[in-house]
Amino acid sequence: MKTFTNLALFAAVAAASFAVLPSATSAQSTMAYPEKCKSHSMDMSTTDMSSGDMQMGEMTDYQKASMDGMKDMHMNMMQGMMKKDADVSFVCGMIAHHMGAISMSEVELKFGDNEEAKQMAQKIIEAQKKEIEEMSKWVEKEAK
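Before going into details, it helps to say that this report is about the structure given with it. (Residues numbered from 1 in each chain as written. Predicted model: local features only at pLDDT ≥ 70, side-chain atom pairs only at ≥ 80, totals over all residues. Heavy atoms only, no water.)

### Quick word on the state of the cysteines
Under the defined criterion, the tally for this structure stands at one disulfide. Sulfur-sulfur distance for the disulfide between C37 and C92 comes to 2.1 Å. Taking the torsion about the S-S bond as the criterion, the C37 to C92 disulfide, at about -80°, is left-handed. In this pair, C37 sits in the loop between α1 (2-17) and α2 (61-81) while C92 sits in helix α3 (residues 86-111), placing the two residues 55 residues apart along the sequence. Each member of the pair, C37 together with C92, is buried. (Disulfide = S-S within 2.5 Å. Helix = DSSP H or I, 4+ residues; strand = E, 2+ residues; numbered from the N terminus. Buried < 20%, exposed > 50% of the residue type's maximum accessible area, 1.4 Å probe, protein only.)

Pasting the structure below:
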């Protein structure tokens, strides 16, 4: 239970602070975060995600994969939310959020054992990819 509590605390702190390190895994490997959603003035590679009691070495492979996906999602969300246009900021943030859902679902498919949960994960992947495509088209059309 302590491990779960530590992981939950670590995730909450990461979500609240948007402090991330870039990672090559997750939904970003299959779908690209729109270039127009990125804030090139921000250097996210220098941010630190060292808060929380649990060290990455103590995590299971499942937990590490989940955290890697969260890092990517938070980096992209932070970049998207820095847009000056509220509508573009919202859509870019939602694209990153959906990419995080896909990443979490991919981890479930890889590590999960429950068929019902895996079916939910597959449905999420399919639905979120469609929505990301729609939102990415909107960003290309509307973002200045």
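### Notes on the nonpolar core
By size, the foremost hydrophobic cluster in this structure holds 17 residues, and its most contacted members are Y33, C37, C92, I95, I132 and V139. Sorting elements by how many residues they give to this core places α3 first, with seven residues. Apart from the residues within four sequence positions on either side, C92 is in contact with Y33, K36, C37, G80 and V139. (Core = buried A, V, L, I, M, F, W, Y, C linked by side-chain atoms within 4.5 Å. Contact = heavy atoms within 4.5 Å.)

So far we have only geometry, and geometry alone does not tell us how the molecule works.
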